[in-house]
Amino acid sequence: MSLKSLGAKVFAAIIDRKTKSWASQPVTSQEKVFHNLIKTAGNTAFAKAHSFSNIKTHKDFVSQVPVRDYEELRPFVDRVVAGESDILWPGKPLYFAKTSGTTSGAKYIPITKESMPEHIKAARNAILSYVHETGKAQFVDGKMIFLQGSPEMESKNGIQLGRLSGIVAHYVPNYLQKNRLPSMETNCIEDWETKVEAVIDETLPENMSVISGIPSWVQMYFERIVQRTGKKVGEVFPDFNLFIYGGVNFEPYRAKFDQLIGRKVDSIELFPASEGFFAYQDKQDEKGMLLLLDAGIFYEFIPANQFHDKNAPRLTIGEVETGVNYVMIISTTAGLWAYNIGDTIAFTSTAPYRVVVTGRIKHYISASGEHVIGKEVEEAMKAASNQLSIVINEFTVAPQLSPANNELPYHEWFVEFGNATKVDLHKLAQVLDIQMREQNSYYDDLITGKILQPLIITPVPENGFKEYMKTIGKLGGQNKLPRLSNDRKIAEVLEKIIG
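Caption draft 1: Summary view of the overall build of the protein. Counting its secondary structure elements, the protein contains 18 helices and 20 strands. A compact globule built from 499 residues would reach a C-alpha radius of gyration of about 23 Å, and the protein, at 23 Å, matches this within 12%. Along the first, second and third principal axes, the C-alpha atoms of the protein reach 65 × 60 × 45 Å. Surface summary for the protein: the accessible area is close to 21900 Å², and the carbon and sulfur share equals 50%.

Written out as structure tokens, the structure reads:
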């Protein structure tokens, strides 16, 4: 065992003790975060506009600080972007994480000197948690690749601006720098397809032990390796035994990854965002990710089925239940207050608090009142692909409200299958429909009542989804394909690609 791997084990044991300390006192941990946030931000423009001096309890906070999304918080964010100090948080941010907006175009999420270290600490602790649980630390001696956005930065009124993954690239610890790939030069390549080829050039000769990134883009990297070498990824990199991912549910990709790698590897799921690092997988055999309750983020949870109600409840950590779909609301050391990040989660455990991401509050299908969410379509596809032994590269779902020949409306599933997969589309549609009806009683009622007809599958040609992402200018990086949408904007582009 090398000194580096031995040191990782010792450090992992220390972090495990600290994690258990705050995780065993969830309500107290969150109360400390809450009061520190209110006190520290007391002299900001936001605090004065919302009478923070009168906030003593969460009930006070709820009455004085409404839930906002980016557009609603934007009047304050725009002042920060313009260069003003002490608006949302004391001083000015260290960075703006630039993300794609919907109605607002680009979004500028502040990252402060208090919030930045939490991103780094959480990523580090996720790996150390794995080391402590499994005893596996040899991977620290191999090469590690993190498929991410460009680390090149711009300046916005004196504040550095870039993609979160690119910002984080500047904080890789010194002891990992020699192990880390790709090079800074390759990381700065903007065109994703060119970048992937350059990454392959750099990694093929190396002893890769850890590979990390959003599954859909790592899949492209793996496919290109197999095409170029004629070998499985596990043969090319015999010491590759750990895959780290975040941003999307890995389950729809798992069968394809096993096929490309040629064997199973351990994985660690992360829940990072520009707004904060919220959770990571702390146990290999437990469902869900450990919610970080001492990381400068105060959480509130609104039941998703009540989110649009005027007086929807805002629950704290001690009030939530397992199995309920919640919209997650955050207040942070970056100056985001009662901020709706758009993600929906469900708790799988409350001792400790672990979560799974169930989708996006804006990504759903309810064109006929069915209230279908991302978790349901992903669970259905996972069950169907396992039952029928098929490999799915990618998929998305859209409503079809105006079929030809006066037929009933239906849900259209656009599916790209693995190369060698032979599929009985009729059988797959039947299995998917059964799965959806078992999960969602509204959907079942609409099928039974002949308001909707059973779902229909439209095959997408190989690389069709990559072509879609390229068409909309979002190929690669941290961009993700929505699993479902309540309109046909994605479907209409796919239809042109399918031809």
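Caption draft 2: Examining the layout of surface pockets more closely. The calculated volume of the second largest pocket comes to roughly 820 Å³. Every residue lining the second largest pocket is counted, 29 residues in all, and those nearest its centre are A304, N305, N325, H371 and I373. Elements that contribute at least two residues to the lining of the second largest pocket include exactly β14 (339-350), β15 (353-360), α14 (374-388) and α16 (441-448). At four residues, the largest contribution of residues to the lining of the second largest pocket is made by β14. When its residues are assigned to classes, the lining of the second largest pocket shows 11 nonpolar, 14 polar and four charged.

Caption draft 3: Representation of the sheet that holds strand β20 (residues 456-459) in the model. One open sheet holds the three strands; their spatial order is β18-β19-β20, and the pairing between them is mixed. The two strands at the open ends of the sheet, each matched to only one other strand, are β18 (392-400) and β20. This sheet shows a mean twist of 25 degrees between the axes of neighbouring strands, independent of strand direction. Both β18 and strand β19 (residues 410-417) contribute to a ladder of eight bridges, which runs antiparallel. When the sheet's bridge partners are listed, F395 is paired in β19 with V415. Packed on one face of the sheet, helix α17 (residues 464-471) meets β18 and β19 and runs near 105 degrees to β19.

Caption draft 4: Molecular detail of the sheet that holds β14. Reading across from one edge, β6-β3-β7-β8-β9-β10-β11-β15-β14-β13-β12 is the order of the 11 strands in this open sheet, with mixed pairing throughout. Sheet topology places β6 (180-181) and β12 (297-303) at the edges, where each strand pairs with a single neighbour. Judged from the five bridges that link them, strand β8 (residues 242-246) and strand β9 (residues 266-273) form a sheet pairing that is parallel. Bridged to Y245 within β9 is E269.

Caption draft 5: Region of interest: empty space enclosed by the protein. Applying the stated rule across the entire model yields three cavities of 30 Å³ or more. In terms of lining, the largest cavity is formed by S216, W217, Q219, Y253, N393, E394, E416, F465, K466, M469, K480 and L481. Mapped onto the lining of the largest cavity, the elements with two or more residues apiece are α11 (215-229), β18 and α17. By residue class, the composition of the lining of the largest cavity is five nonpolar, three polar and four charged. S115, H119, E275, G276 and I297 are, among the 15 residues lining the second largest cavity, the residues nearest its centre. When its residues are assigned to classes, the lining of the second largest cavity shows six nonpolar, seven polar and two charged.

Caption draft 6: How the structure looks around the nonpolar core. Formed by 90 residues in total, the largest nonpolar core has its most connected members in Y299, F301, W337 and F347. Once you skip the residues sitting within four places of it in the chain, F301 turns out to touch L291, P313, R314, L315, T316, I317, V320, Y326, V327, M328, I345 and F347. M208, F240, V265 and M469 belong to the second largest nonpolar core, which has 40 residues in total.

Conventions used here
- Residues numbered from 1 in each chain as written.
- Predicted model: local features only at pLDDT ≥ 70, side-chain atom pairs only at ≥ 80, totals over all residues.
- Heavy atoms only, no water.
- Helix = DSSP H or I, 4+ residues; strand = E, 2+ residues; numbered from the N terminus.
- Rg over C-alpha atoms; globule rule 2.2 N^0.38 Å.
- Areas by Shrake-Rupley, 256 points an atom, 1.4 Å probe, with all protein chains shown as cover.
- 1 Å grid on protein atoms, 1.4 Å probe; cavity = no way out; pocket = protein on both sides within 12 Å on 5 of 7 lines; lining within 4 Å.
- Points joined across faces, edges and corners; volume = space filled by probe spheres on them.
- Nonpolar A, V, L, I, M, F, W, Y, C, P; charged D, E, K, R; others polar.
- Pairing = 2+ DSSP bridges.
- Axes fitted to C-alpha atoms, helices over the stretch in contact; angles between N-to-C directions.
- Contact = heavy atoms within 4.5 Å.
- Core = buried A, V, L, I, M, F, W, Y, C linked by side-chain atoms within 4.5 Å.
- Buried < 20%, exposed > 50% of the residue type's maximum accessible area, 1.4 Å probe, protein only.

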